Every structure is written in structure tokens, then in C-alpha cells.
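Given next are the chains, with one letter for each unit.
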There are 2 protein chains.
Amino acid sequence: MSTTDKLTKRSENFSEWYNQLVQKAELADYAPVRGCMVVRPYGWTLWENIQAGLDRRFKETGHVNAAFPLFIPLSFLEKEKEHVEGFSPELAVVTIGGGVKLEEPLIVRPTSETIIGHMYAKWIKSYRDLPVLINQWGNVVRWELRTRLFLRTLEFYWQEGHTAHATAEEAQEETIRMLNVYSDFAINDAAVPVVPGLKSEKEKFAGAVRSYSIEAMMGDTRALQAGTSHFLGQNFAKAFDIQFLDWNNELQHVWTTSWGLSTRFIGAIIMTHGDDQGLILPPKLAPHQIVIVPIFKSDLEASRVMEVVERIRQELSGFRIKVDNRSEVTPGFKFNDWELRGVPLRIEVGPKDIEKGTVTMARRDIYGKPGKSVVSQTQLPDQVGKMLEKIQASIYERALTFREANTFEPKNYRELGEVEQKGWAFTWWCGNAKCEAKVKEDTKATTRNLPLEQPGGEGKCIVCGERSTQKVYFARSY
Amino acid sequence: MSTTDKLTKRSENFSEWYNQLVQKAELADYAPVRGCMVVRPYGWTLWENIQAGLDRRFKETGHVNAAFPLFIPLSFLEKEKEHVEGFSPELAVVTIGGGVKLEEPLIVRPTSETIIGHMYAKWIKSYRDLPVLINQWGNVVRWELRTRLFLRTLEFYWQEGHTAHATAEEAQEETIRMLNVYSDFAINDAAVPVVPGLKSEKEKFAGAVRSYSIEAMMGDTRALQAGTSHFLGQNFAKAFDIQFLDWNNELQHVWTTSWGLSTRFIGAIIMTHGDDQGLILPPKLAPHQIVIVPIFKSDLEASRVMEVVERIRQELSGFRIKVDNRSEVTPGFKFNDWELRGVPLRIEVGPKDIEKGTVTMARRDIYGKPGKSVVSQTQLPDQVGKMLEKIQASIYERALTFREANTFEPKNYRELGEVEQKGWAFTWWCGNAKCEAKVKEDTKATTRNLPLEQPGGEGKCIVCGERSTQKVYFARSY
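Since the structure is predicted, the reported quantities are computational estimates derived from the model, not experimental observations. (Residues numbered from 1 in each chain as written. Chains lettered and ligands numbered in written order. Predicted model: local features only at pLDDT ≥ 70, side-chain atom pairs only at ≥ 80, totals over all residues.)

## Section: the pairing of strand E14 (residues 255-262) of chain B
Residues and elements named next belong to chain B.
Phase 1: Most of E14 is tucked away, with 8 of its 8 residues classed as buried.
Phase 2: Of the two faces of E14, the one carrying Trp255, Thr257, Trp259 and Leu261 and the one carrying Thr256, Ser258, Gly260 and Ser262 are both buried.
Phase 3: Note that strand E8 (residues 155-165) and E14 share 8 bridges and pair antiparallel. Within E14, the residue paired with Trp158 across the bridge is Ser262. (Buried ≥ 20, exposed ≤ 12 C-beta atoms within 10 Å, placed from the backbone. Helix = DSSP H or I, 4+ residues; strand = E, 2+ residues; numbered from the N terminus. Pairing = 2+ DSSP bridges.)

Structural data, given as C-alpha cells:
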């Protein structure tokens, strides 16, 4: 582990802190192809835990997984006008296969609405075939110019749900249902507070009627779009001729949705919870929930300590546990190492603990001495469970408090400009794209979303002063 | 479900039976790109169960998962001579990214030894970093000309393990360990009897020192290579400069292995167990282990039957269970449908069962009346568990008996030609590639592998008569 160089402080240079931390914690590394990443085992295990949390929720809401091809004929993209306009600058194109120039180039999927639409047209015949509720876990490629590990890479990993329904109402319900699934996951598993809401016309998905997102505030107060859910209306159904015979035996186009959450979410976890010492991982998702560090000086001490460590490991086998028994580094080195890597709870076992029948527990979220407590070995399984719950709740509360402290309600356009340097602005907005564009030009902030929970009443657009019944978040974003 | 056309009989046309069955059972479908497949939810759930069975074994043997990029610079492939010769005819090449012609074309990974080798060179410094035991679940692309769903497609899904070790012995042990993991999975989870053994020089992986495989006999007696494990020696370590400081502080190249099992294995399951009625899925991997079909004529009967069905479903919640409550089709249609789709056990619940407190269980592996039994509802959970075990054991035994009945030990070259039309030949072979090539030319059979379990002693090569101490399987293969 390359923790020999010191981590740049988060408080001094957030961006540099992030870049270093992703690599030092061995979450990911740069690939030899520009803009691509290698997700290392520690990062991939975190992603597997994210997958498990989401997949369980998808299955509970009636979805099944499938796999659609990586390659899409270029002509497919062209069938939906906005879709091709949105994605064509970002395509990776295969022009040679088996040594021969292809007659029609194939694109590497940037998203799969088109090829899935094509298959749905083949499979769906009658209202009895609806709804179709399919999700896919996979990789996609978007040719981005400025890339950062997890946040924006050429290839990334995600899930994309694609559903087809008999009515607009059902499709709209599904869109909101999955947005809520994302919120529930973010809040309860990742301890990341999010705002679910509607994207503006300007910010919506290319080809959608309406896009929704969950937005999270990072530790530098910038916003990160952490998941999206789209109501696609009949746009793709018409482009791909997905029709069904309804209850009256009449042919109708289906209504579709799509929704996705990607490895970008790992970036959200890092930037929501991390501190100067490194990562702080939510207990529900951490690859190791607990690290045990044995402490001893002599061989005799070692064997007595390791005996207790082994017993504790077995008693705590219901948790994801790591015993760090490296002999070439000191306990102090191990403490720093696992703090950097964000393990929520450390258990130290030394010769004095053996005598007293105790261990020392150290919480990652409260750094140093205040986070330490001495616990009887007999009460450990119970105490550990409670402490992990406490950490999970505590880092959520901290992030929520931070977001609230850095969300402002500017009274006028000048104040909007000021607060955009410090955090999010929550303001009335008339909905006009011109006002949105002006804010972006003046402050670099974009509309994040119109939250589903609105205060009600009405006010005046912060830009043009028109009457408005909706409030929006403006923020600089990742 | 498109079960309206009758399935071609396996006994009449094995190949056509296979092609129809994959689609009718909704395991997979053809994609609009030549040679690519869509794995439908039923097929993907089967794959998820295969993944779970393997992933558990990988983790128990100390492996972790990670993700390496889809794109590999063309120059990487060229660093290992045999590797590039083997794979260059099969490459898909990306030449355009973000609208611009790329300076160096990128290939879509056909396998990841090269890019992983590049990363290992960066990560591995000292013997303390070894062994590296990483696996990756993902998709790869090989531009095949003749394709069949699951058996050979342009894009397929697999896992590829890549490990690095300090000594040749350790790497060789790992190669065999993972071969044994595959055998254990095939036999115990998939009920597919396999022969683990060494591939010939001609048939080995491009870039390997030694390749091992598990070979299974399909229902038409042809062989299918169902998983491979390669000892790569220092070939990739030298090509990518993967070096470590050993215990004496001297720089050495590591020793590597790779091993893979793919969605092709689904083809093996279909062709090992299936019959004229359709699929027979092994209980340990089946998406639905049990289907419950309620039988009723009136609404009154329906409500009484469904009450019992619901109670049974809850009592059997430890199993993967499907209740078929479609109202638009008859029970008879449902029986055929789930037989086609290979559900191991069917439970029928009708009005008479309600009166008597019984249900009818029907085993999929013993078709028709002989496979049926009447069971008391109170004993159901116990009986179901036992019956699923019995089916799992029974289909394994049947496949093993079939393989043994169709494996021959020809006495001379003429007999070899004859038995190749009927099954596998197990014969002495001198190891010379010329003899191997002659058999292929004369009979279309290739060497499958030299099984790890050898009879001992010696004999004469079936082709040239030279003395030999090893026996090999010759067979026509997929």
C-alpha cells in the first residue's frame, strides 16, 4: 500500500485530496487508455455492496435482470432525434471486425434505450406482456474529454433499468418509484443525503420527456447528480415501433422509462464523508466493517494476543471483518492505513486487554481519542453492532447538517451570485431556459433540480422577477 | 411465451432442437448485430446462479474481484507473440472516439492478460505483494464467423481469473486448484460430469505454457470445453515486465495463471440434461426450483385453492418458487410451458387436494406419470427438499452413465474412426502433433484433454504405434 507519501489535506485542496485518496486507498487506478479506469479490489468490493443494496430493492419492486449487447448499429441511434444529437459527440465506434472493414459501423453502447427498444418491439405483443420490468448491470462508454476517476471516465459501470408500460400513468409511477428507490438506497445504505427532484428541460436526458435526479452535496459544497430516472413517454416506442394490443384489441404504443446509477456514486460516497485522514465508509457498504489490529512486542505476547483475536473474529463472523496480521509494519502504521481506507470501526487487542478481558474500539468517524472506548470482550458482539449503527446514523446526520448549513435562500440576483460561491441556492424560478442560462453564464451554477417536495405558495423568479410557483436548486456541480 | 409451435424433438434433430429451445424457453434471443445475443431474464437468472456458485468458491480460495478496462491498446497484444497470433484474426477494433480518428486503434478485449499484466507490473514490487489473486466478471468480444447462442457468440459473458505468484510451483498449484474449482462446480452445482485434464500443445491457449480444461459430453455425444485454466509461466511477466524483489532482495519475474468460465456453460447445461420436452435444469441453479400450478374451475374453487397455494408458497419460502396464476391459459398449457423451461419440480394444487390435504408433485426429470407422486401438505417442505436433492443426484447419474456408455477404447486406428461417429475415444497417444492432426483430418475429432487421472502403465499410440504412457480423449467437439 502506497501510504508513504502523506495525503493532501481535504481542507487545503479538495480536488487534489480526492485524486490522491482514490489511488492511495486503492479504490481505483488509471488505465493505460486515456480516461479509462481500473477499479481495484477494494473499490470493486464497495461497488459489489452497492450493487447488492440496489439489486435487492430492484427485485423487491418486481424487476429482473438481463443482458443486452455492447454493440449497437449506428443507425439505431439515429432513430430518436434528440437521443442521437445528445450522444453522437461521445461515441466510440468499431469500424473493423475480424480484420475486415464493417459495412455499418457499430457503436459501443453509451446507454441502451435503442437496442432494448428494438428487442421490446419483438417481444411485446399484447397488454398481457406488460409491464416489462428489466434491469441490466454492465459497462458503457462515453468519450469524455475531461475525466476523473469514478466521477467521469470513458468507460464506467452502472445499472440501467428499462421498463415498458401500457399507460402513461403507470410509466410515470415507475419513474418516481425508482427515483425513490435511489433515494432510499442513498440515504439508508450510503448515508448520503439526497434531494429527489425534476430536472429542467435543459438538463434532461437526451430523448426523455421528463428526467428526475437525486442530487447530493459534496464536501466542497458542489452538487453531484447521483442517480437519474427518466419518463420517456412514447418517444422510443415510436422510434422503435414498440406496440401492443390493448384490452380493446387496438394497437397502441407502449410508454417507457429508464433509470441508472453508476460507479460515479462511489465518488459521491468519498466526497460526502471523507476527511483529512482519508475515507469514511458507511458501515452498510464498507468492504471491511471492522479491522482488528493485534498489538504485541514479544513472541509470547503475540501468541496470547492472536488467540484472543481469533476468538473475536469468530464471534464477530456476522460482520465483514479484516484481521491485519502483517508483521512488517507497526500498529501505528496500520491505524493510519485503515483510517485512510475508511474502515468504520477498529478493534485494538493488546497484552493489557488480555489481562483485563477488554479491547479498545476506535470509531473512524470521530477521529483520535474522543472516538475511542474500552469495551469488555464478552459484550463485544452486541457493542459492535450498536456502534456500527451509530456510525451509520452519525455520518448521515453530519452530511445532512452540512448540506443545510450550506444551502441558502438568496433574496435577489446579487445575493444569488454570492451564495453560489459558498454552496447551493434554493430559489424561485420561472422555468424559463433564458433565466437558467443567465445564471450559468454569470455564476457557473446550473439548475440541479426542482425538488419533489415544494414549499407551496408562490414567489418571484430570482432572475427575471416573473411570478413562479416552483423553487429550484442552483449549484455548481460535478 | 412463444410455445405455440412445437419443439423439434431432440432425438430427431439435436442441433435444431437446441436452437429452438434456447429461444422458446426464453433463455436468449438473437441481437440485431450479427453473432451477438441478448440474454433474457430467465437465462440471465440462470447465469446469476452460476455466478453465485463460482464466486463463492473463488472467495473461499482467497480471490477478490476487480474490473479492468474494456479497451486495450493494439500494441499491448503485440507484446506476447503467440498471444497476438492467436487473437488477431478475431478482434473488434475501435478506430474513432468522440468523432476523431484515434492515433492508436483500441481493441475491445478478447481476454485481459495483457492489460492486467500492465497493471500488475505497476502494483507488484515485492514478494510481500504476492500472490495477487484477482478475478473479473465481465464481457469480452471475439469476432467469430460461425456463431450459436451461448456456444459461440461475438460478445460473451464470463469470469477471468488472473493471478501472479513468486514461484512456478505456486502458479502451477493455483492452475490446478482453479481447474478443480470448476470441476467441483460443474459436478455438484450443475450436475454436469466433467473430465479435468491437460490440453495438447495444439489446443492450448495462445500464450500459455500449459492449458487445462474440463470437458463435458453433450447429449449428441460431442464434447464441449466447459472451462479452462492456464499456467502462463513467465510469458506475460516478461512481455509486461512484472517483476518483484524476492526474499534475497533480487529482482525476479512473477509467474502467472489465468482461468475462465463463460456463458457457454449454459449451453453445456442445456445439452447435457435437456430432453424432447425441453430443458431440465439442475435444482441448485434453476431460476425457479418449483412451480406451483393451481387448478380450479369455478371462482369459489379458485379462492379456496389460491388460499392453500399462498400458504404453501410461504412455507416453501426457502426455495426459489414461482406461482403461475395466469388466467388466460389452461393448467395443461402451464405444465407444458414449465416443462419446456426445465423447472425441476411442479406442484399441482386442485379442489380434490384441498379436501384431502394433499398436493401432486411432478418431477421434471422423469417425464409423465412415473414422475408424479401425491404428498401430504403437512410434509411438503421436507418432501420438496428431499425431492430436489434426488433430482440433482439423478440427472448427474444419468449424464455420467450416458458418458460412460458412449466412451470407447478403440483397439486400432480403424476402430478409432468408427467410434468417433458414436462418441468419445479414450486411447494411448504418443503426444506428437502429427498424429493428432492425422486423426483430425480423418475423423474431424480433436484431442480434448489428457485427463489428470491416468490409468498408469503404457501402451501404443493409436496412430503411429509409438510407446506411450498417457491416454487422451479424442472427440468431435463444439
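That was the structure; now back to the text.
## Side note on unusual backbone geometry
Phase 1: Cis geometry is adopted by the peptide bond preceding A:Pro131, which originates at A:Leu130 and carries an omega value of -5 degrees.
Phase 2: Among the secondary structure elements, A:Pro131 is positioned in the loop between helix H5 (113-123) and strand E7 (132-141).
Phase 3: Here A:Phe150, not a glycine, exhibits a phi torsion of approximately 70 degrees, which is positive.
Phase 4: Structurally, the position occupied by A:Phe150 is in the loop between E7 and strand E8 (155-165).
Phase 5: We note that B:Ala191 has phi near 55 degrees; this positive angle belongs to a residue other than glycine.

## Quick notes on the packing of helix H2 (residues 41-60) of chain B against helix H6 (residues 168-188) of chain B
Residue and element names in this part refer to chain B.
Phase 1: Taken N-terminus to C-terminus, the directions of H2 and H6 make an angle of 145 degrees; their axes are 10 Å apart at the nearest point. As H2 runs across H6, the sense of the crossing is right-handed. Across the interface between the two elements, Gly53, Leu54 and Arg57 from H2 touch Val181, Asp184 and Phe185 from H6.
Phase 2: The class makeup of the residues in the contact of H2 with H6 is 3 nonpolar, 1 polar and 2 charged. (Axes fitted to C-alpha atoms, helices over the stretch in contact; angles between N-to-C directions. Left-handed = near helix turned anticlockwise from the far one by under 90°. Contact = placed C-beta atoms within 7 Å. Nonpolar A, V, L, I, M, F, W, Y, C, P; charged D, E, K, R; others polar.)

## A look at the sheet that holds strand E17 (residues 345-349) of chain B
Residue and element names in this part refer to chain B.
Phase 1: Here 5 strands make up an open sheet; going across it, the order is E16-E15-E17-E18-E19 and the pairing mixed. Strand pairing shows two members of the sheet lacking a second neighbour, strand E16 (321-323) and strand E19 (372-376), which therefore form its edges. Looking at each pair of strands side by side, their axes are set apart by 25 degrees on average, direction ignored.
Phase 2: When strand E18 (residues 358-363) meets E19, the two strands line up antiparallel, connected through 5 bridges. Among the inter-strand pairings, Thr360 is bridged to a residue of E19, identified as Val374.
Phase 3: Here helix H10 (residues 331-340) sits on the sheet and contacts strand E15 (290-294) and E17; the angle it forms with E15, its principal contact strand, is near 170 degrees.

## Section: the relation of the copies chain A and chain B
Phase 1: Of the transformation placing chain A onto chain B, the axial shift is 0.0 Å and the rotation is 180 degrees, giving an RMSD of 0.0 Å. The superposition operator between the copies reduces to a two-fold rotation axis. When C-alpha distances to the rotation axis are compared across chain A, the minimum falls at A:Val94, with a value of 2.1 Å.
Phase 2: Comparing contact sets, 98% of the residues at the interface of chain A also lie at the interface in chain B, consistent with an isologous, same-surface contact. (Least-squares fit on C-alpha atoms with pLDDT ≥ 70 in both.)

## What to know about helix H12 (residues 380-405) of chain B
An α-helix turns once every 3.6 residues. As a result, residues three or four positions apart point the same way.
Phase 1: The first and last C-alpha atoms of H12(B) sit 36 Å apart over 26 residues, in line with the 38 Å expected at 1.5 Å per residue.
Phase 2: When we look at burial in H12(B), the residues that qualify are B:Val384, B:Met387, B:Leu388, B:Ile391, B:Gln392, B:Ile395, B:Tyr396, B:Ala399 and B:Arg403. (Expected span 1.5 Å × (residues − 1).)

## Looking at the interface of chain A and chain B
Phase 1: Across the contact, 45 residues belong to chain A and 44 residues belong to chain B.
Phase 2: Top element by residues in the side of chain A that touches chain B is strand E5 (residues 92-97) of chain A. It accounts for 6 residues.
Phase 3: For the side of chain A that touches chain B, the per-class residue count stands at 30 nonpolar, 8 polar and 7 charged.
Phase 4: For E5(A) and strand E5 (residues 92-97) of chain B, the ladder comprises 5 bridges, and the chain directions are antiparallel. Within E5(B), the position partnered with A:Ala92 by the bridge is B:Gly97.

## Topic: the pairing of strand E6 (residues 100-108) of chain A
Residues and elements named next belong to chain A.
Phase 1: Inspection of the sheet shows strand E4 (residues 71-73) paired to E6 by 3 bridges, in the antiparallel sense. When the sheet's bridge partners are listed, Pro73 is paired in E6 with Leu106.
Phase 2: Strand direction decides the pairing type here: E5 and E6, joined by 4 bridges, are antiparallel. Residue Val93 lies in a different strand from E6, and its bridge partner there is Ile107.

## So, the sheet that holds strand E15 (residues 290-294) of chain A
All names here are of chain A.
Phase 1: As summarised here, the arrangement of the 5 strands in space is E16-E15-E17-E18-E19, forming an open sheet in which the pairing is mixed. The sheet is open, and its two edges are formed by strand E16 (321-323) and strand E19 (372-376), each paired on a single side. Taking the axes of each pair of neighbouring strands and ignoring which way they run, one obtains an average angle of 25 degrees across the sheet.
Phase 2: Where E15 meets strand E17 (residues 345-349), 5 bridges bridge the pair, whose relative direction is parallel. Within the sheet, the bridge partner assigned to Val293 lies in E17 and is Glu348.
Phase 3: Its contacts with the sheet place helix H10 (residues 331-340) against E15 and E17, and it is angled at close to 170 degrees to E15.

## Side note on the environment of B:Trp143
All names here are of chain B.
Phase 1: Along the polypeptide, Trp143 turns up in the loop between strand E7 (132-141) and E8.
Phase 2: Among the residues examined, Trp143 registers 23 C-beta atoms within 10 Å and is labelled buried.
Phase 3: In this structure, the C-alpha to C-alpha distance between Trp143 and Ala425, residues 282 residues apart in sequence, is 31 Å.

## Quick word on helix H2 (residues 41-60) of chain A
Phase 1: End to end, H2(A) covers 28 Å across 20 residues, agreeing with the expected 28 Å (1.5 Å per residue, within 8%).
Phase 2: Listed as buried for H2(A) are A:Pro41, A:Tyr42, A:Gly43, A:Trp44, A:Thr45, A:Leu46, A:Trp47, A:Ile50, A:Leu54 and A:Phe58.

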